[in-house]
Amino acid sequence: MVTAPDSFSNSENLSLYSDKTAPKKKSKKITERPIIIGFGRAGMFAALELIEYGVKPLIFERGKKIEERSMDVQRFIKEKTLDPESNIQFGEGGAGSYSDGKLFARIKNSYYADKVLDTFITFGAPEEIRYVSKPHLGTDLLCKIVRSIRNYILERGGEIYYGSKMTDILVSNDRALGVVINGTAEYRSSLIYLALGHSARDTFGMMLNKNIVLEQKPISVGVRIEHPTEIINLIRYGDKYKDHTALENATYSFTYTDRKIRRGVYTFCMCPGGEIINASSEHGLLVLNGMSYSQRASHFSNAALVVTCHTDDYGSAHPLAGIEFQQNIEQKAFEAGGGRWKVPAQKLVDYLSKRLSSRLNEHSYKMGATSVNLHEILPQFAGKALVAAFNKWKRDYPLFVSDQAILLGAETRTSSPVRIRRSENYESVNIKNLFPIGEGSGYAGGITSSAIDAIKAVEASLSALDDIN
């Protein structure tokens, strides 16, 4: 907090700082225990919020505990054997546990954003995330925090079931009455929070068959771009400070808009001192993500470099057409890599010249790479937009658009291509008792916003119960 004398002119009419006080939580008496589907960031914060009200949730996670999940991820990298239920996308902690762990959304919804940050600190994050401009946690620290949150929930009466996939929703007279787990076990509740994540494609299909209202949502697709960390440090810090020990590995953000074709190109999920990982969750479909550890000490820096897509790019009005659009790109990437999880890759200078790379740059992806013309994997409009963006950026940042850069594909899961339609009180528009939250709902993206979405949904749903009673 900064203080100023009474004589301070305050020409910008800045508001006076005041401490935020949390609303008092009253215990709720609920006959049926709430159900949470998914134990990623949204599911965790929904559970924590319910416990604040004295309510003990039942949590069902299709994947495994974070410790077992991490072993499966490492086994996939070494042996190239994918477990479709335990991978970068599915399992305790959600997809965000294997990322750079950025914590944004600090300006809007400040009370809720502060609450999320404070919660992370309570469970093991450093105090500095309260005040640094772009806080991040890293995969190693996120996994520890996930374990701490799990233990806290269990100690307070919550129950967590792993390897427990929701295969059906029990609906009668436009009300959800409960869920079916693994095709057999039924659990009844009048409060069901769907914290699915953006990759629960089979679950979206089941929901559509139950006539739950879903709709298309725009996404972005593209590639991962990677440079040696020293190159990014040189671009950002200059020759004088590029090796300064007091400076962390540098971050960057690039954007480009082509107004004629209504496309935006932007970097996303930038991982300084990080690595590129295989984030696939289905056999025969290859998708990438970026990850950093808390120290960001790798010799490489990468970012998603993606192009905005419109729903009419999907070629169909079907609610799940965006998923098929993603799958088509991911299948091309898998097949182009040779079918054994090698990643299609191309030097940036060769991409711009539309020629195969005779030799690929060193990179951080650990499962091998194959030289491919990435124009053949991405939609034509995306390739054109990327070329236009690179031609603009290379005038100002020639080292960024140079032979030091390599592109790897594909990056398709920046957000959910599906939105589960809900009302202002976070409830499905046509099925009562059903509360879609987090990234899978189509209303949030990223760690902080998903957590905030879950907190608000629990508040709204419990408040509605008070109104009924």
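Residues numbered from 1 in each chain as written. Predicted model: local features only at pLDDT ≥ 70, side-chain atom pairs only at ≥ 80, totals over all residues. Heavy atoms only, no water.

Let us now look at helix α7 (residues 321-336). The end-to-end C-alpha separation of α7 is 23 Å, in line with the 22 Å expected for 16 residues at 1.5 Å each. Ala 321, Gly 322, Ile 323, Phe 325, Gln 326, Ile 329, Glu 330, Ala 333 and Phe 334 are the residues of α7 that are buried. Downstream of α7 by a residue or two, Gly 338 has a phi angle that is positive, lying close to 100°. (Helix = DSSP H or I, 4+ residues; strand = E, 2+ residues; numbered from the N terminus. Expected span 1.5 Å × (residues − 1). Buried < 20%, exposed > 50% of the residue type's maximum accessible area, 1.4 Å probe, protein only.)

Moving on, we come to the side chain of Arg 150. Positionally, Arg 150 belongs in helix α4 (residues 139-155). Judged by relative accessible area, Arg 150 falls into the buried class, the value being 7%. A polar side-chain atom of Arg 150 sits 2.6 Å from a polar atom in the side chain of Glu 67. In contact with Arg 150, other than residues within four places in its own chain, are Phe 39, Lys 65, Ile 66, Glu 67, Glu 92, Ile 160 and Tyr 162. (Polar contact = N/O pair within 3.5 Å; in protein donor to acceptor, adjacent residues only side chain to side chain. Contact = heavy atoms within 4.5 Å.)

A few words on the sheet that holds strand β3 (residues 159-162). Taken in spatial order, the 5 strands line up as β3-β2-β1-β7-β19 in an open sheet, and their pairing is parallel. Strands with a single pairing partner mark the edges of an open sheet, and in this sheet they are β3 and β19 (434-436). Sheet twist, expressed as the average angle between the axes of neighbouring strands with direction ignored, equals 20°. Where strand β7 (residues 192-194) and β19 come together, 3 bridges link them in parallel fashion. (Pairing = 2+ DSSP bridges. Axes fitted to C-alpha atoms, helices over the stretch in contact; angles between N-to-C directions.)

The next point concerns the environment of Leu 285. Assignment of secondary structure puts Leu 285 in the loop between β12 (275-278) and β13 (288-291). Residue Leu 285 is classed as buried on the basis of its relative accessible area, which comes to 9%. Setting aside residues up to four positions removed in sequence, Leu 285 forms contacts with Arg 201, Ser 280, Gln 327, Glu 330, Gln 331, Phe 334 and Trp 341.

A few words on the sheet that holds strand β15 (residues 343-347). Ordered by their spatial adjacency, 7 strands build an open sheet running β10-β11-β14-β9-β17-β15-β16, and the pairing between neighbours is mixed. Here the strands that pair on one side only, and so sit at the sheet edges, are β10 (255-258) and β16 (369-371). Sheet twist, expressed as the mean angle between neighbouring strand axes with direction ignored, is 30°. Bridge count between strand β9 (residues 220-228) and strand β17 (residues 406-411): 4 bridges; the pairing is antiparallel. Bridge pairing in β17 links Arg 224 to Leu 408. Where helix α6 (residues 229-241) meets the sheet, its contacts fall on β9 and β14 (300-308), and the angle it forms with β9 comes to roughly 90°.

Pairing geometry for strand β4 (residues 166-172) and strand β5 (residues 175-181), over 6 bridges, is antiparallel. Across the sheet, residue Asp 168 finds its bridge partner in β5, namely Val 180.

Before going further, it helps to spend a moment on the side chain of Arg 41. When you line up the elements, Arg 41 lands in helix α1 (residues 41-52). No salt bridge is formed by the buried Arg 41. Its closest oppositely charged neighbour is Glu 439, at 8.8 Å. In contact with Arg 41, other than residues within four places in its own chain, are Gly 93, Gly 96, Ser 97, Phe 120, Leu 142, Val 146, Ile 447 and Ala 451. (Lys, Arg positive; Asp, Glu negative; His and termini not counted. Salt bridge = Lys/Arg side-chain N within 4 Å of Asp/Glu carboxyl O.)

Using the criterion set out here, one finds 33 salt bridges in the structure. For Glu 215, the salt bridge identified is with Arg 419, shortest N-O distance 3.4 Å. On the criterion of sequence distance, the pair formed by Glu 215 in strand β8 (residues 214-216) and Arg 419 in strand β18 (residues 418-420) is long-range, its members being 204 residues apart. The exposure class assigned to Arg 419 is partly exposed, which follows from its relative accessible area of 21%.

Functional significance is not addressed by these values, which are geometric in nature.
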